[in-house]
Amino acid sequence: MAKTLIEFDLSGKPASVNGCKARKDSWKAQVQSKVMALYTGGKIGEKFTVKIFYFPHNEQYCDIDNGLKYTIDGMASVLMDNDKTVTRIITERFPKIPGASLIVPLNIAPQIAQVIKQREISKSPVYLTLVKVEEYDYNGGSLW
């Protein structure tokens, strides 16, 4: 199992490559602020994995590949010399579906449950994003 370097959640819908500059800059600043508050290590080495899970508060559409760029860019100045060192990206959207169950591997259930709980108890609808960066480890296809 790969070593987790940082794991965090963010409130708000990620900026899209199709969005305005102010929105992109705002999202990158939110990501950077969170990473700076949580990460105390040095720059990450040559290979690592980025995992991003989106939890929209409704059936709101989010093109998940568009949400990746500014999330990774927001982490870049703190975690890496260059975002070219990202070796693997895993991303998925988990829309809120009333009455539906979400089946996830047991090892990630606590993190997912915490994010879903935040989404459910929020006084206003909130779009949540869960981010995890870990050392790259060829693991034969086990992706979390």
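Being a predicted model, the structure only gives us computed values, none of them experimental.

Draft legend 1. Broad picture of the packing of aromatic side chains. Taken as a whole and assessed by the stated rule, the structure comprises 0 aromatic pairs. It is Lys69 that lies over the ring of Tyr70; its NZ or CZ is 5.6 Å from the centre.

Draft legend 2. Region of the structure containing the sheet that holds strand β2 (residues 48–55). A sheet is described by the order of its strands in space; here 4 strands give the open sequence β1-β4-β2-β3, paired in mixed fashion. The open sheet has two edge strands with one neighbour each: β1 (4–11) and β3 (86–93). Each adjacent strand pair in this sheet contributes to an overall mean axis angle of 10°, direction not counted. Bridge analysis of β1 against strand β4 (residues 128–135) gives 7 bridges, and the strand direction is antiparallel. In the strand pairing of β4, Phe8 is matched with Val131.

Draft legend 3. Spotlight on the side chain of Lys51. Positionally, Lys51 belongs in strand β2. For Lys51, a relative accessible area of 1% translates into the label buried. Polar side-chain contacts of Lys51 include one of 2.8 Å to the side chain of Glu134.

Draft legend 4. Spatial organisation of the nonpolar core. Within the largest apolar cluster, 25 residues are counted, with the highest numbers of intra-cluster contacts made by Phe8, Val35, Val50, Met75, Leu79, Met80 and Val133. Elements that contribute at least two residues to this core include exactly β1, α1 (21–38), β2, α2 (64–79) and β4. Counting residues per element, this core draws most heavily on α2, which supplies 7 residues. With sequence-adjacent residues up to four places away left out, Leu79 is seen in contact with Ile6, Val35, Tyr39, Gly42, Lys43, Ile44 and Val133. In this structure, Phe53, Phe55, Ile90 and Val126 belong to the second largest nonpolar core, which totals 9 residues.

Draft legend 5. Here's a closer look at the side chain of Thr71. Along the chain, Thr71 turns up in helix α2. Given a relative accessible area of 0%, Thr71 falls into the buried group. A distance of 2.9 Å separates the side chain of Thr71 from the backbone oxygen of Gly67, its partner in a polar contact. Filtering out sequence-adjacent residues up to four positions away, Thr71 remains in contact with Pro14, Trp27, Val31, Ile52 and Val131.

Draft legend 6. Inspection of the pairing of β4 at higher detail. In terms of residue burial, β4 counts as a mostly covered element, since 7 of its 8 residues are buried. Two elements, β2 and β4, share 8 bridges in a ladder whose sense is antiparallel. Bridge assignment links Phe48 to a residue of β4, and that residue is Glu135.

The rules we used
Residues numbered from 1 in each chain as written. Predicted model: local features only at pLDDT ≥ 70, side-chain atom pairs only at ≥ 80, totals over all residues. Heavy atoms only, no water. Phe/Tyr/Trp six-rings, centres within 6.5 Å; stacked < 30°, edge-to-face > 60°. Lys NZ or Arg CZ within 6 Å of the ring centre and 35° of its normal. Pairing = 2+ DSSP bridges. Helix = DSSP H or I, 4+ residues; strand = E, 2+ residues; numbered from the N terminus. Axes fitted to C-alpha atoms, helices over the stretch in contact; angles between N-to-C directions. Buried < 20%, exposed > 50% of the residue type's maximum accessible area, 1.4 Å probe, protein only. Polar contact = N/O pair within 3.5 Å; in protein donor to acceptor, adjacent residues only side chain to side chain. Core = buried A, V, L, I, M, F, W, Y, C linked by side-chain atoms within 4.5 Å. Contact = heavy atoms within 4.5 Å.

Interpretation note: all reported values are geometric properties and have no functional meaning in isolation.
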